[in-house]
Amino acid sequence: MPKVTEAYCTKNRRYLANVPLSPVGIVLHSVGTPQSDAQVFYRIWSEDRSQYFTHYVLDAEKILHTMPNDRRCWHVGHPGNSKWLGIEMCEPDTIRYTGGASFDILDREKARAFCEACYRNATELIAALCTEYGWKPDTALLTHGEITKNKLSDTTHADPEHLWNGLGLPYSLNTLKRDVKAAMQKSSGSIPTKQTKPDPAKAFDKRLAGSYTVTASALNVRSGAGTDKAILTVLPNGTAVRNYGYYTEKNGTWLYVAFTQNGTPMEGYCFAQYLMRR
Ligand SMILES: [Zn+2]
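1. Observations regarding the sheet that holds strand S8 (residues 141-143)
With mixed pairing, the six strands of this open sheet are ordered in space as S1-S4-S3-S5-S2-S8. Whereas interior strands pair on both sides, the edge strands pair on one side only; in this sheet they are strand S1 (4-6) and S8. Ignoring strand direction, the axes of neighbouring strands in this sheet form an average angle of 25°. One ladder, built from three bridges, connects S1 with strand S4 (residues 63-65); its direction is parallel. The partner of threonine 5 across the bridge, within S4, is leucine 64. Along the sheet face, helix H3 (residues 108-133) touches S1, strand S2 (25-30), strand S3 (56-58), S4, strand S5 (84-89) and S8 and points at about 160° away from the line of S5.

Here you go:
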C-alpha cells in the first residue's frame, strides 16, 4: 500500500463545520468522472468547490487522507454521513461518460489496470482501518451501490460497481470483504517479524519526563505522531510507560514512550490524552 499522506481540506465547509463522527464502518466510492489523479480532488475540496467529499481519496499510486476520521464528511446523504467513513477511488482517464452511470471505453486495458491498482490500494487501506477500529469486514464494509440497493441512506448512486461492471472486472462488495479479510490476516501474521523503528521526536520538554499510566481501555502505540501511523502494539488499561521528555505535536500531543511488553523493551508514540502521570 502506498503511504497514506495527510492532506486535510481545512478550508472546506465540512471541515470547518467540525461535526463529530464516531464511525461504525466504511463506504467505498468511485468518483464518477474520468479523473485519475487524487491530488485534483484534494485541490477541489480544499477550495470548497464541492459540497461532497470523503475522508480519503486514492488513485493507482497514492492515498490522501483529506478529513480527520472523527469529523463528519458528506458522501452518502442521510443518515449514512453520520455513520460511515468515506473512501473515494479515482477513475481511469480512458473512459468517457455518456449519461448517468454509462460510459464509453477509449482504452480498455489501461482502464482495467488502473481500476485494479485502485482496488488493491483500497483493500489495504480498508484492512488497516478495520484493524485500527476493531471492525469486522462482513458488517463494517459497504459500497455506495449497495447502500442505494438496500436503501440504507438517501442517495441513489451506483458506484463503484458501475465502473467494475462496465469494465468487466470481477469485483463486488463480496470480493472486497474477502480480500480485506485476507489482507488483515497477512498483516497481523507479519507483526512479530516487523521491527518498525519509531520516528524521531520533534520536540523536547524536560517537564514532561516521568512515569505515566494508560487510562484508555486499550491504547495504540504508534510508529509516529498521528492516527495515520502504523500501530506497533496495543497497551491495556493501567500499563505503566516512561517518557524522557520527547514528544511531537500532531493534532494534540504525542508522547514518545518506553515500556516493556512480554519481556521485550519497546518504544513508540501514544496520544497524551490517554496517559496519566503516576
Ligand atoms: Zn459514491
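2. Describing the domain arrangement of the chain
Domain parsing of the chain yields domain 1 (4-191) and domain 2 (203-277). Contacts between the two partners involve four residues from domain 1, matched on the other side by seven residues from domain 2. Regarding the contact of domain 1 and domain 2, the summed buried area is about 510 Å², with carbon and sulfur atoms giving 39% of it. Run the count over domain 1 and domain 2 and you get two salt bridges. At the junction of domain 1 with domain 2, the criterion picks out two residue pairs in polar contact (both at pLDDT 80 or more). Among the residues forming the side of domain 1 that touches domain 2, the class breakdown is two nonpolar, no polar and two charged.

3. A look at the pattern of salt bridges
Counted according to the given criterion, the structure contains eleven salt bridges. Between lysine 149 and glutamate 146 there is a salt bridge whose closest N-O contact spans 3.4 Å. Note that lysine 149 and glutamate 146 are positioned in helix H5 (residues 144-149) at a spacing of three residues, about one turn of the helix. On the accessibility criterion, glutamate 146 (18% relative accessible area) is buried.

4. Quick word on the pairing of strand S14 (residues 253-261)
Of all nine residues making up S14, seven are buried, and the element is well covered by its neighbours. Two strands pair when backbone bridges link them, and strand S13 (residues 240-249) and S14 are joined in this way by five bridges, in the antiparallel orientation. Looking across to S14, one finds that glutamate 249 is bridged to threonine 253. Between S13 and S14, which follow one another and run antiparallel, lie three residues, and asparagine 251 among them has a positive phi close to 55°. In this antiparallel pair of consecutive strands, S14 and strand S15 (residues 264-271), the connection spans two residues, and asparagine 262 shows a positive phi of 50°.

5. A few points about the side chain of aspartate 159
Here aspartate 159 lies in the loop between H5 and helix H6 (161-166). For the buried aspartate 159, no salt bridge is present, and the opposite-charge side chain at shortest range is lysine 149, 13 Å distant. For aspartate 159, the side chain forms a polar contact with the main-chain nitrogen of serine 30, separated by 3.1 Å. A polar contact of 3.1 Å, which involves the side chain of aspartate 159, links it to the side chain of histidine 144. Beyond its immediate stretch of four places on either side in the chain, aspartate 159 contacts Leu28, His29, Ser30, Thr143, His144 and Gly145.

6. Some details on the coordination of the zinc ion
Donor atoms from the polypeptide that bind the zinc ion are His29 (ND1), His144 (ND1), Asp159 (OD) and Asp159 (OD), placed at 2.0 to 2.6 Å. Classification of the site at the zinc ion as irregular follows from its four donor atoms and the range of 52 to 139° in their angles at the metal.

7. A few points about H3
End to end, H3 covers 37 Å across 26 residues, agreeing with the expected 38 Å (1.5 Å per residue, within 8%). Immediately beyond the C-terminal end of H3, within one or two residues, lies glycine 134, with a positive phi of roughly 75°.

8. Focus: unusual backbone geometry
The linkage connecting histidine 78 with the following residue, proline 79, adopts the cis geometry, with an omega of 0°. Along the chain, the position of proline 79 falls in the loop between S4 and S5. Across the junction of aspartate 159 and proline 160, the peptide omega takes the value -10°, indicating a cis bond. Within the secondary structure, proline 160 is located in the loop between H5 and H6. Here aspartate 48, not a glycine, exhibits a phi torsion of approximately 60°, which is positive. Checked against the element boundaries, aspartate 48 lands in the loop between helix H2 (38-46) and S3. Overall, the relative accessible area of 23% leaves aspartate 48 in the partly exposed class. You will see that asparagine 251, though not glycine, has its phi angle at about 55°, which is positive. Relative to the helices and strands, asparagine 251 resides in the loop between S13 and S14.

Rules used throughout
- Residues numbered from 1 in each chain as written.
- Predicted model: local features only at pLDDT ≥ 70, side-chain atom pairs only at ≥ 80, totals over all residues.
- Heavy atoms only, no water.
- Pairing = 2+ DSSP bridges.
- Helix = DSSP H or I, 4+ residues; strand = E, 2+ residues; numbered from the N terminus.
- Axes fitted to C-alpha atoms, helices over the stretch in contact; angles between N-to-C directions.
- Contact = heavy atoms within 4.5 Å.
- Domains from an automatic or database assignment.
- Buried area = accessible area lost by both parts, 1.4 Å probe.
- Salt bridge = Lys/Arg side-chain N within 4 Å of Asp/Glu carboxyl O.
- Polar contact = N/O pair within 3.5 Å; in protein donor to acceptor, adjacent residues only side chain to side chain.
- Nonpolar A, V, L, I, M, F, W, Y, C, P; charged D, E, K, R; others polar.
- Buried < 20%, exposed > 50% of the residue type's maximum accessible area, 1.4 Å probe, protein only.
- Lys, Arg positive; Asp, Glu negative; His and termini not counted.
- Donors = N, O, S within 2.8 Å, 3.2 Å for Na, K, Ca; no water.
- Tetrahedral: all angles 85-135°; square planar, octahedral: opposite > 155°, others 65-115°.
- Expected span 1.5 Å × (residues − 1).

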